[in-house]
Amino acid sequence: MPSWKKEASKGCEVMGKLNGCISSSTNGVIEDVNIVGVGPDVSSQFNELTVAARTPVIELSSTYGISDLRDVIDTTGTGTVTNDTVEYLISTGIGAGAEAVLDSAQRGRYQPGYAVEAGVGARVMTPPTGEQVARWGLFDDENGAFFGVDSSGIFLGYRRDGVDTVVPQASWNIDPLDGTGPSGITLDLSNGNIFQIVFSWYGYGVIEWQVVSQNPVDLSQTVVTVNRVKPLGQTSFTDPNLPLRGQVENGATTGTDFTLYLAGRQYSIIGNYKPVFRVTSERRSFTATTTLSPVISFQRKAIFPAGSGRPNSVNVTLEGLDLLTASDIYYQVILGSTINGTFVNFPTATTNIPNSETALLVNINSTTFTTVGQVVFQGLAAGGQGNTRSLTTGSLLDLILADDQIITLAVATFTGTSAIQAAFRVSEEW
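About the cut-offs
- Residues numbered from 1 in each chain as written.
- Predicted model: local features only at pLDDT ≥ 70, side-chain atom pairs only at ≥ 80, totals over all residues.
- Heavy atoms only, no water.
- Helix = DSSP H or I, 4+ residues; strand = E, 2+ residues; numbered from the N terminus.
- Contact = heavy atoms within 4.5 Å.
- Areas by Shrake-Rupley, 256 points an atom, 1.4 Å probe, with all protein chains shown as cover.
- Phe/Tyr/Trp six-rings, centres within 6.5 Å; stacked < 30°, edge-to-face > 60°.
- Lys NZ or Arg CZ within 6 Å of the ring centre and 35° of its normal.
- Pairing = 2+ DSSP bridges.
- Axes fitted to C-alpha atoms, helices over the stretch in contact; angles between N-to-C directions.
- Buried < 20%, exposed > 50% of the residue type's maximum accessible area, 1.4 Å probe, protein only.
- Lys, Arg positive; Asp, Glu negative; His and termini not counted.
- Salt bridge = Lys/Arg side-chain N within 4 Å of Asp/Glu carboxyl O.
- Polar contact = N/O pair within 3.5 Å; in protein donor to acceptor, adjacent residues only side chain to side chain.

Enquirer: Tell me about the overall build of the chain, residues and numbers included.
Expert: Per the secondary structure count, the chain includes one helix and 28 strands. Counting only contacts in the chain whose residues sit at least 6 apart along the sequence, the fraction spanning at least 24 positions is 70%. Total accessible area on the chain stands at roughly 19,300 Å², and carbon and sulfur atoms take up 52% of it.

Below you can see the structure in the form of structure tokens.
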């Protein structure tokens, strides 16, 4: 018997008590594994043997400083977010009411039928006092799951529609990581640890909190599941598309600076990531001059869908542009500019896209920049050469339009004026 058949037969014997067996094709390739009745410790959340590779969707290193393309920072009062080229330092400062938040510019996008693994490297050197609190994980102001610490100790929690359910460390239902649990491990936040959140979301599904730590017996790295929750009678979150966040707050506490250190952050789909998207586009006729001028701009709606009351969680990336021009021009794609015109809802006079079918606003009446912003892509279009198309491929496709940032197609001539026809396209993952 071929070696692979021997191994398959052995696998059937071992897994017989689990009501499963390995089937194979005639060419010796294992086609299917079906295991029934296995718990989440050894299988996927859908009771399948986990053989799919993780597909990274967001991978953020802490070693390259702060970037408008990767990071969204929000501070209140004395709160600050800095980077020492090794870690992010998210600090409250000493003022009452101070807060600091570091979000990933890109939100993770969930796909039904798969599970998500989100990970954050975090440490807390000095415990918080008074009303100070830190949270880190996959969450925003309205939804998500997180780990945290306050003056009472370590906790974990999940947030649904702005309401938090918090579980203190002593009540974690799998392993409290206080030395008394199955792993025998005691969690020390000052050492720095990798914290993971795994969930499946058809609206309903189990949320798992995990800590990647060191096995005290053989010193190997091990993943310890510390808590599981299955929300009943409602969805776990109202929106599963969430940023990777670190957050600190002072509350009424004054006089003591409290810092959360963050390192790497990642969001992965366990399986093959194939996002569903729509392409949103706009076109405009314009007379270009030697002064760089905005032609078409997109901005995310603050709330989407309408009436949800939730922050817009749709990921928006660049797709491409077209230019028809009578003379030679150059163009730039600019992030974070401010312009003199107004943004309006779709549909516009030049597009039949319904307003309910896009998470974006558009501007096609601006003529000048107030501030130019950051150039992320540029190129040339030759006059009289017909259609010039520039697909935004490669690294440009990784550019995520975050929060209320504006993305603009701008053009200018080298000499004189030129009539142009422009089209600008972006992809929306929803």
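Anyway, onward from the coordinates.
Enquirer: Any details on the packing of aromatic side chains? Residues and values, ideally.
Expert: One pass over the full model with this rule turns up 12 aromatic pairs. Ring geometry for Phe146 against Phe155: centres 6.5 Å apart, planes inclined by 85°, an arrangement best described as edge-to-face. Clustering of aromatic rings is evident, with ring pairs tying together Tyr110, Phe199, Trp201 and Phe237. One residue, Arg123, lies across the ring of Tyr261, its end atom 4.1 Å from the ring centre.

Enquirer: Please provide a residue-by-residue account of the sheet that holds strand β7 (residues 99-104), values included.
Expert: A sheet is described by the order of its strands in space; here seven strands give the open sequence β4-β7-β16-β9-β10-β11-β12, paired in antiparallel fashion. Every interior strand has two partners, whereas the edge strands, β4 (71-76) and β12 (163-168), have only one. On average, each strand axis in the sheet is inclined to that of its neighbour by 15°, with strand direction left out of account. Taken together, the seven bridges between strand β9 (residues 133-139) and strand β10 (residues 144-150) define a ladder with antiparallel strand orientation.

Enquirer: Give me the lowdown on the pairing of strand β28 (residues 418-429), citing residues and values where you can.
Expert: The element β28 is largely enclosed, with a buried count of 10 among its 12 residues. Note: strand β18 (residues 277-288) against β28, 12 bridges, orientation antiparallel. Bridging from a neighbouring strand, Ser285 pairs with Gln421 of β28. Where strand β20 (residues 315-325) lies against β28, 10 bridges are found, and the strand directions are antiparallel. For Asn315, the partnering residue across the bridge sits in β28 and is Glu429.

Enquirer: Describe the side chain of Glu282, naming the residues involved and giving the relevant values.
Expert: By secondary structure assignment, the location of Glu282 is in strand β18. Here Glu282 sits buried without a salt bridge, and the closest side chain of opposite charge, Arg283, lies 5.9 Å off (N-O distance). The residues contacting Glu282, other than those within four sequence positions of it, are Ile296, Phe298, Phe346, Thr348, Thr350, Thr351, Val362, Ile364, Ala422, Ala423 and Phe424.

Enquirer: Quick rundown of the side chain of Thr348? Include the residues and the values.
Expert: Note that Thr348 resides in the loop between β22 (338-339) and β23 (360-363). Judged by relative accessible area, which is 14%, Thr348 ranks as buried. Polar side-chain contacts of Thr348 include one of 2.6 Å to the side chain of Glu282. In this structure Thr348 touches Glu282 and Val362, once residues within four positions along its chain are discounted.

Enquirer: Break down the pattern of salt bridges for me, citing the residues and quoting the values.
Expert: This structure, assessed with the given rule, holds 12 salt bridges. Put simply, Arg123 and Glu87 hold a salt bridge, and the shortest N to O gap is 2.7 Å. Linking Arg123 in strand β8 (residues 115-123) with Glu87 in the loop between β5 (80-83) and β6 (88-91), this pair joins segments that are 36 residues apart in sequence. Overall, the relative accessible area of 13% leaves Glu87 in the buried class. In this structure, Asp164 and Arg159 form a salt bridge, with 2.5 Å as the shortest nitrogen-oxygen distance. Judged by its relative accessible area of 31%, Asp164 falls in the partly exposed class.

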